[in-house]
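Structural overview
One-letter residues, chain by chain:
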Amino acid sequence: MRDTIAQVVGAAAPIFDTPIRHLESAAVDARRHGRLVHELEDAVSEDRSARLAALRAGEKPGEGLFVSNATSLANDYQDFTRELLKRIAELESKEIPA
């Protein structure tokens, strides 16, 4: 896939090394609840507590999150951000020809 992309875009855009996994449940929850992936990490814990509290109270749990763990996906985005910032710093440190 990397080779195909490199052939299509050439030097017009860099190809990064960091993989970002596909997690449909996190994508749905992020859109539905208007949260970023790293915000879902805390939301998962809160959602689990709310569901358990509702069940203990004999109530039907509300519409919660689909994702059960967004930590790995959030880490992927964090790793990509580091790689992107490193690339920007490298480009900024190069001399621009006059």
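Residues numbered from 1 in each chain as written. Predicted model: local features only at pLDDT ≥ 70, side-chain atom pairs only at ≥ 80, totals over all residues. Heavy atoms only, no water.

1. Re the packing of aromatic side chains
Under the convention used in this document: The pairing test for Phe, Tyr and Trp rings, Trp by its six-membered ring, is centres within 6.5 Å, and the orientation test on the planes gives stacked under 30 degrees, edge-to-face over 60, and tilted for anything in between. Only runs of H or I of at least four residues qualify as helices and only runs of E of at least two qualify as strands under DSSP, and these elements are numbered from the N terminus. Exposed residues in this analysis have more than 50% of their type's maximum accessible area, buried residues have under 20%, and partly exposed residues fall in between, with area computed by a 1.4 Å probe over protein chains only.
Taken as a whole and assessed by the stated rule, the structure comprises one aromatic pair. Seen from their ring centres, phenylalanine 16 and phenylalanine 80 are 5.2 Å apart, and the 85 degrees between their planes marks the pair as edge-to-face. On the criterion of sequence distance, the pair formed by phenylalanine 16 in the loop between α1 (2–9) and α2 (24–33) and phenylalanine 80 in helix α4 (residues 71–93) is long-range, its members being 64 residues apart. Residue classification places phenylalanine 16 among the partly exposed residues on the basis of a relative accessible area of 21%.

2. A look at the packing of helix α3 (residues 37–56) against α4
Two quantities define a packed helix pair, namely the angle between the helix axes and the distance between the axes. Heads up, the condition is: Every axis corresponds to a line fitted to the C-alpha atoms, with the helix fit spanning only the stretch in contact, and the corresponding angles, defined between N-to-C directions, vary from 0 to 180 degrees. An angle counts as roughly parallel when it lies under 35 degrees, as roughly antiparallel when it exceeds 145, as roughly perpendicular when it falls between 65 and 115, and as oblique in every other case. For any helix crossing, the convention is left-handed if the near helix is rotated counterclockwise from the far helix by under a right angle, and right-handed if that rotation is clockwise. Contacts are assigned to residue pairs with any non-hydrogen atoms lying within 4.5 Å of each other. Classes in brief: Ala, Val, Leu, Ile, Met, Phe, Trp, Tyr, Cys and Pro nonpolar; Asp, Glu, Lys and Arg charged; the others, Gly included, polar.
At a minimum axis separation of 8 Å, α3 and α4 run at an interaxial angle of 155 degrees. On the basis of their axis angle, the class for α3 and α4 is roughly antiparallel. Judged by the twist between their axes, the crossing of α3 over α4 is left-handed. Here Val37, His38 and Glu41 of α3 come into contact with α4, specifically with Thr71, Leu73, Ala74 and Tyr77. Classifying every residue of the contact of α3 with α4 by side-chain character gives four nonpolar, two polar and one charged.

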